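# Examination of the molecular architecture
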Amino acid sequence: MTSIKEQAAISRLLSFLQDWDNAGKVARSHILESFIKANQGKTAPELEQEFSQGGSLFLVRLTTWLRLIYMTGSCLDKLLKSIGIFLSAVSSNRYLKEFLEVGGVLTLLEILGMEKIKEEDKKESIRLLQVIANTGRKYKELICESYGVRSIAEFLAKSKSEETQEEVQILMDSLVHGNPKYQNQVYKGLIALLPCASPKAQQLSLQTLRTAQSIIGTTHPSIVDCMLKVLRTMHLEVQYEAIELIKDLVNYDVCQALLKGLVALLIPSVKETSKLQPKILNDSSVPQFTAHLPVFLQQAAAAKAIGVLARSNTSVAEELLHLRVVHSLMAAMGNTDHSNSQRQASLTLEYLVQMFPVVEEHVRRSMGEGLYQLFLVSAPPPEREPSGNPAGPLPPPPPRRPQPRRGPGGLAPGCGPSLANPSPGLLLPSPALPRPAPSLLPAPPPHPGHAPSSPRPLLLSPAPAPPAAQEPPQPRAPGSRPQSNAGDLYMKIDSFQADILAANKVNVSKALCFSGVSHCNASFYRGAHEPEKPAYITYFQKEDTEGKE
């Protein structure tokens, strides 16, 4: 038999549920608002105590009303927050199962695709999905089995709120962890997001892809094409994330295709660069912009990515040389329509020239001495004072010693006639008399029993300078190291020099085959078990054989 307190609590619960059942939209909104304020952060046992062990009765009413009104969007935010109090409570497994049994996941996913629903309501739906996914592996699989990856990815691409997009990224990251059955599905969904029009969605997808790539361990063939297209963006944060992912991808089996694609982007195809400009751009009253901006942005980003890869891994740099990257970089340096392409290509080529002597030799020969001096300038030698001695500059004068203070009569203090110092050899001559030569001044004999004291240099003329042969070597002046002018080269070259760069015929790959830079260093990503040689090495060897015949 129940006690009086229990009967009173049950009566309050029945009265509360009856008020809910009889209330309209406005009254229910007030009930939900009071419930959120009173029960935020409570655990499942505390909620059961609040509802006299009847919390599930109120939860089922909330989920039922959700399925009835979610298409209209009225009072949806408070309703989702109230359901979230039940689902996020500690020890809420029972509430979670009850919510899923009535199709709660499908309802939340449908909310993401509704155009009439506000962004804030969709964000609350994403947070509920996060709570469900973080509960365990089987709940992540339930979301993926309900076509959740597709719905979530489409919402990320269409969302206009960066805060909401960051919540979606947290959900996608949760689905890729601890979900081996569907992690490939999440991985493909992230790749499908790369061509979307939202820069924030691209940035977040690239960040999550780096995590997913390390978990999955294999690559999808379509990722190379998608990554190269992302480089057309004008948003630097997206470009940064793309280059970071490219740095990771060179450790997988798509490295060869990725490097070839990057080198190919340095020389845009004729089809892309021969398109006509819009008529409005031909008006003399408006500034003239290039119609090929995405292609040139891609060219500059590819040059930058190649530089990052070459600096991070010498083996990748050698592989790029075999792919004739030097020729392509010099061609990009001649693109006068886009200064950033010229700058990024010039900086990357500068590193390759400093790293590989064979590259320096071919670049200098192709550019010519004048253009090469503009590209890589040496600092002027340290300044020297004019001298008639052709053998070199005179040695620096000895430091000037302080002169002793003269006393009366022009003598130094203590140097006049004195009974305490009868030695005549230490007396200085009078200023009116001619000074004897320094070599004729006798040195005083050392006193027996005392160490010989050093002569008093203040009273003698300075010693002659040491001969030039015994001079210590002069240290290298600061700044005498070769200085780069690569970053500013595009501002100093004329159209003729740009044409020389664009039409270069540099081919370093053939020289590398015979200069000791082995192409087999690329086995770190291709696999050392592949015995076949690349086609271009076979082609060059075939050329040499035909030449000998």
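Preceding this section is the structure that the text describes.
Calculation rules
Residues numbered from 1 in each chain as written. Predicted model: local features only at pLDDT ≥ 70, side-chain atom pairs only at ≥ 80, totals over all residues. Heavy atoms only, no water. Helix = DSSP H or I, 4+ residues; strand = E, 2+ residues; numbered from the N terminus. Contact = heavy atoms within 4.5 Å. Areas by Shrake-Rupley, 256 points an atom, 1.4 Å probe, with all protein chains shown as cover. Buried < 20%, exposed > 50% of the residue type's maximum accessible area, 1.4 Å probe, protein only. Salt bridge = Lys/Arg side-chain N within 4 Å of Asp/Glu carboxyl O. Axes fitted to C-alpha atoms, helices over the stretch in contact; angles between N-to-C directions. Left-handed = near helix turned anticlockwise from the far one by under 90°. Nonpolar A, V, L, I, M, F, W, Y, C, P; charged D, E, K, R; others polar. Expected span 1.5 Å × (residues − 1). Arc of directions from axis to C-beta. Core = buried A, V, L, I, M, F, W, Y, C linked by side-chain atoms within 4.5 Å. Phe/Tyr/Trp six-rings, centres within 6.5 Å; stacked < 30°, edge-to-face > 60°. Lys NZ or Arg CZ within 6 Å of the ring centre and 35° of its normal.

## Re the overall build of the chain
A tally of helices and strands in the chain yields 27 helices and two strands. Considering only residue pairs separated by 6 or more positions, the chain has 72% of its internal contacts joining residues 24 or more positions apart. Just so you have it, the chain exposes about 31500 Å², and 57% of that area is on carbon and sulfur atoms.

## Let's talk about helix α7 (residues 104-112)
Burial runs high along α7: seven of the nine residues are buried. Where α7 is concerned, the buried positions are Gly104, Val105, Thr107, Leu108, Leu109, Ile111 and Leu112. The inward-facing, buried residues of α7 abut α4 (55-69), α5 (76-87), α6 (93-101), α8 (119-133), α9 (137-145) and α10 (148-158).

## As for unusual backbone geometry
Even without glycine at this site, tyrosine 147 takes up a positive phi of about 55 degrees. Along the polypeptide, tyrosine 147 turns up in the loop between α9 and α10. For tyrosine 147, a relative accessible area of 65% corresponds to the exposed category.

## Here's the deal with the environment of leucine 321
With respect to the helices, strands and loops of the structure, leucine 321 is situated in helix α19 (residues 314-322). For the pair leucine 321 and leucine 512, spaced 191 residues apart in sequence, the C-alpha separation works out to 8.1 Å. If we ignore the near neighbours within four places in the chain, the residues touching leucine 321 are Val326, Leu352, Phe356, Val359, Ser509 and Leu512.

## Digging into the pattern of salt bridges
Oppositely charged side chains can pair when the atoms bearing their charge come close. All told, the structure shown has 19 salt bridges when counted by the stated rule. Between arginine 127 and glutamate 124 there is a salt bridge, and its shortest N-O distance comes to 3.2 Å. Separated by three residues within a single helix, arginine 127 and glutamate 124 lie in helix α8, roughly one turn from each other. Arginine 210 is paired through a salt bridge with aspartate 248; the nearest N and O atoms lie 3.0 Å apart. With arginine 210 in helix α13 (residues 199-216) and aspartate 248 in helix α15 (residues 236-249), the pair connects residues that are 38 residues apart, well separated along the chain. If you follow the salt bridges from partner to partner, you end up with Arg210, Glu244, Lys247 and Asp248 in one network.

## Re the environment of glutamine 342
Of note, glutamine 342 is situated in helix α21 (residues 339-355). In this structure glutamine 342 comes out as buried when scored by relative accessible area, which is 6%. In this structure the C-alpha to C-alpha distance between glutamine 342 and alanine 331, which are 11 residues apart in sequence, comes to 8.9 Å. In this view, glutamine 342 contacts Ala332, Met333, Gly334, Asn335, Thr336, Tyr490 and Ile493; residues no more than four positions away in its chain are not counted.

## Concerning the packing of helix α2 (residues 25-39) against α5
The interhelical angle for the contact between α2 and α5, taken along N-to-C directions, is 35 degrees, at an axis separation of 9 Å. In this structure, the crossing between α2 and α5 has a hand that is left-handed. Residue-level inspection shows Ser29, Leu32, Glu33, Phe35, Ile36 and Asn39 of α2 in contact with α5, the latter providing Lys78, Leu79, Lys81, Ser82, Ile85 and Phe86. Residue classes in the contact of α2 with α5 are distributed as six nonpolar, three polar and three charged.

## Points about helix α1 (residues 4-22)
Compared with the 27 Å implied by 1.5 Å per residue over 19 residues, the 27 Å span of α1 between its first and last C-alpha is a close match. Every buried residue of α1 is accounted for by Ala9, Leu13, Leu17 and Trp20. Looking straight down α1, one finds its buried side chains confined to an arc of 70 degrees; they lie on one side. Facing away from the buried surface of α1 by more than 90 degrees, the exposed residues are Ile4, Leu14, Gln18 and Asn22. Check the buried side of α1 and you find it contacts α2 and α4.

## Observations regarding the nonpolar core
The biggest cluster of nonpolar side chains holds 132 residues, and the ones touching the most others in it are Val325, Val326, Leu349, Leu352, Val359, Met367 and Phe375. Those residues in contact with leucine 349 that lie beyond four places of it in its chain are Val326, Leu329, Met330, Met333, Val363, Met367 and Phe375.

## Overview of the packing of aromatic side chains
The way to describe two aromatic rings as a pair is by their centre distance and the angle between their planes. Considering all chains together, one arrives at 12 aromatic pairs under this definition. Ring centres of phenylalanine 35 and phenylalanine 86 lie 5.6 Å apart, and the angle between their planes is 15 degrees; this geometry places the pair in the stacked category. Of the two residues, phenylalanine 35 sits in helix α2 while phenylalanine 86 sits in helix α5, which places them 51 residues apart along the sequence. Given a relative accessible area of 5%, phenylalanine 35 falls into the buried group. Phenylalanine 86 sits in the buried class, given a relative accessible area of 0%. Within the aromatic cluster, the residues linked to one another by ring pairs are Phe16, Trp20, Phe35, Phe51, Phe58, Trp65, Phe86 and Tyr95. The ring of tryptophan 20 carries arginine 28 above its face, with NZ or CZ at 4.7 Å from the centroid. The ring of tryptophan 65 has arginine 28 lying over it, and the distance from NZ or CZ to the ring centre is 5.2 Å.

Distances and angles like these do not, on their own, reveal function.
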